[in-house]
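# Chains, contacts and geometry: an overview
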Protein chains: 2
Amino acid sequence: MYILLRVGRGSEGDRIELETAAPGREPRQDRSRATRRRLLEAAVECLSEVGFSGATVGAVARRAGVSRGAAQHHFPTREDLLTAALLHMSENRLAELRRRAADLPDGGARTGAVVEMLIDAYTGPEFSAALQLWAAAASDPGLRSHVIPLEEHVGREAHRAAVELLGADETVPGVREAVQATLDLARGLGLASLLTDDERRRRRVVGQWTRMLHQALTTH
Amino acid sequence: MYILLRVGRGSEGDRIELETAAPGREPRQDRSRATRRRLLEAAVECLSEVGFSGATVGAVARRAGVSRGAAQHHFPTREDLLTAALLHMSENRLAELRRRAADLPDGGARTGAVVEMLIDAYTGPEFSAALQLWAAAASDPGLRSHVIPLEEHVGREAHRAAVELLGADETVPGVREAVQATLDLARGLGLASLLTDDERRRRRVVGQWTRMLHQALTTH
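These numbers were taken from a predicted model, which means no experiment stands behind them. (Residues numbered from 1 in each chain as written. Chains lettered and ligands numbered in written order. Predicted model: local features only at pLDDT ≥ 70, side-chain atom pairs only at ≥ 80, totals over all residues. Heavy atoms only, no water.)

### Notes on the side chain of T210(B)
All names here are of chain B. Turning to its location among the elements, T210 is positioned in helix 9 (residues 199–218). A polar contact is formed between the side chain of T210 and the backbone oxygen of V206, at a distance of 2.8 Å. Those residues in contact with T210, other than ones at most four positions away along the chain, are T111, G112 and V115. (Helix = DSSP H or I, 4+ residues; strand = E, 2+ residues; numbered from the N terminus. Polar contact = N/O pair within 3.5 Å; in protein donor to acceptor, adjacent residues only side chain to side chain. Contact = heavy atoms within 4.5 Å.)

### Examining the UniProt feature "domain: HTH tetR-type" (unreviewed entry) in chain A
As recorded in UniProt, the feature "domain: HTH tetR-type" (unreviewed entry) lies at residues 33–93 of chain A. Secondary structure across residues 33–93 of chain A divides into 87% helix and 0% strand, with the first and last C-alpha atoms of the span separated by 19 Å. (UniProt positions renumbered as here; feature names shortened; annotations may be inferred.)

### Here we look at the UniProt feature "DNA-binding region" (unreviewed entry) in chain A
In the numbering adopted here, UniProt assigns the feature "DNA-binding region" (unreviewed entry) to residues 56–75 of chain A. Helix makes up 75% of residues 56–75 of chain A and strand 0%, and the two end C-alpha atoms of the span are 12 Å apart.

### Structural notes on the nonpolar core
The biggest cluster of nonpolar side chains holds 146 residues, and the ones touching the most others in it are L133(A), W209(A) and L133(B). Beyond its immediate sequence surroundings of up to four residues, L133(A) is in contact with L47(A), F52(A), L82(A), T83(A), L86(A), L143(A), V147(A) and L150(A). (Core = buried A, V, L, I, M, F, W, Y, C linked by side-chain atoms within 4.5 Å. Buried < 20%, exposed > 50% of the residue type's maximum accessible area, 1.4 Å probe, protein only.)

### Some points on the packing of helix 5 (residues 108–121) of chain B against helix 9 of chain B
Residues and elements named next belong to chain B. As a packed pair, helix 5 and helix 9 sit with axes 9 Å apart at the nearest point and diverge in direction by 130°. With respect to each other, helix 5 and helix 9 are oriented oblique. For the pair helix 5 and helix 9, the crossing hand works out as right-handed. Contacts between helix 5 and helix 9 pair G108, T111, G112, V115, E116, I119 and D120 from the former with R202, R203, V206, W209, T210, L213, H214 and L217 from the latter. (Axes fitted to C-alpha atoms, helices over the stretch in contact; angles between N-to-C directions. Parallel < 35°, antiparallel > 145°, perpendicular 65-115°, else oblique. Left-handed = near helix turned anticlockwise from the far one by under 90°.)

### Some remarks on the relation of the copies chain B and chain A
The two copies are related by a screw operation: chain B maps onto chain A through 180° of rotation and 0.0 Å of translation along the axis, at an RMSD of 0.0 Å. The transformation just described matches what one would write down for a two-fold rotation axis. The rotation axis passes nearest to the C-alpha of G188(B) in chain B, at a distance of 1.8 Å. Residue by residue, 98% of the interface of chain B is reproduced at the interface of chain A, so both copies engage with the same surface. (Least-squares fit on C-alpha atoms with pLDDT ≥ 70 in both.)

### Focus on the packing of helix 4 (residues 78–101) of chain A against helix 7 (residues 141–166) of chain A
All names here are of chain A. Where helix 4 contacts helix 7, the two axes come as close as 10 Å, and the packing angle between them is 0°. The pairing of helix 4 with helix 7 is recorded here as roughly parallel in orientation. Residues E79, D80, T83, L86, L87, S90, E91, L94, L97, R98 and A101 of helix 4 form the contact with helix 7, whose own contacting residues are L143, H146, V147, L150, H153, V154, E157, A158, R160, A161, E164 and L165. Per-class residue counts for the contact of helix 4 with helix 7 are 12 nonpolar, four polar and seven charged. (Nonpolar A, V, L, I, M, F, W, Y, C, P; charged D, E, K, R; others polar.)

### Looking at the interface of chain B and chain A
Contacts between the two partners involve 41 residues from chain B and, on the opposite side, 40 residues from chain A. With both sides pooled, the region where chain B packs onto chain A buries about 3,300 Å², and carbon together with sulfur makes up 67% of that total. Of all residues in chain B, L191(B), L195(B) and M212(B) bury the most surface against chain A, accounting for 19% of the area lost on that side. Here chain B and chain A share four salt bridges between them. One salt bridge connects R201(B) with D184(A), and the closest N-O pair in it is separated by 2.9 Å. Inspection of the chain B/chain A interface yields eight residue pairs in polar contact (both at pLDDT 80 or more). Per element, the largest residue contribution to the side of chain B that touches chain A is 11 residues, and it comes from helix 8 (residues 175–192) of chain B. Its residues placed into classes, the side of chain B that touches chain A shows 22 nonpolar, 10 polar and nine charged. (Buried area = accessible area lost by both parts, 1.4 Å probe. Salt bridge = Lys/Arg side-chain N within 4 Å of Asp/Glu carboxyl O.)

Written out as structure tokens, the structure is:
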């Protein structure tokens, strides 16, 4: 058995925490990271399943199997928790897109594959969670001030990833806007698939868009 | 002074209602229609400003200056009221688009003007109201069963209007999907403008989209 001594300077003077850890158990920092990640994932699930009004710190903590106090240690407010969850989710999605990009074909087939990947990134429970947060922020100024910088950051990162994956040359007039339109279209298709599974329609629209985008990226 | 006699057969036997109306006052049926319209417009405002959770029958009736009982006479449930409001709003929007279409230019300039009109139809408080209802329906099966047929109906009507306004020939391969993509893009741009006014970015995307759409509609 190990004994970890953690000495901190608190508001009520120095304090010493004793922690016991059996060999093979995660060290404190890893455990803290894992707790944080569980909270973030539970927050995305909560938002998607029960909407903003049901995604309270308490409900997220329960779903993550974490005490409310521990949740509040990581995220002092509900706004902090929910925006951090969406940021975490977006970063994971973008990292996954970049990993998958290594296996993509070149040339015309690449445009289609990238468009499919981008469109898919805006459907499913994760998009639904983002939508719940956007909708709530529209009628809640306090939440809006948290969500706007998040949305701008994620929008910029998604655009950067799309340019990279498509191999688009943004110095060509119209290319930047065509890439942007792809992301706006993806958001619109995500919204359309929120309540009903309209995958067949979506695939046809995506096929046509791919042809139009490929032409815009290559004709100049 | 007029005296209107209304004889009805109620659950507790025949009943006679007496109504007095001064000359120049709206007849009963017009008044009832006006009340209904006020409720529908107040419901859209409520949804947009305070979200689904705040858009109760009572809150909508108060905003419309109508008694709760009168509101419930027109719309027995909250779901009835809110979906009727969105339907009313969409029908108004589409009728307005068709009226404005008479003044549109022909040829290339027409595509741009129609795309602008369609995109504008998916921004502002009315789109925000629709979004609140969609978001709430995503985590509420009872509401979802009301919203899905509404969304399908409005989607079909919007598509039909877009085809008509653009003068698009849907027998040409890809044209149907390009028109659909325009509406999906409009929804995505509406979502992007929900929290921040991104009109400048939107105008650039719309300009590029117009060029791409015009090519898809005319090259075959």
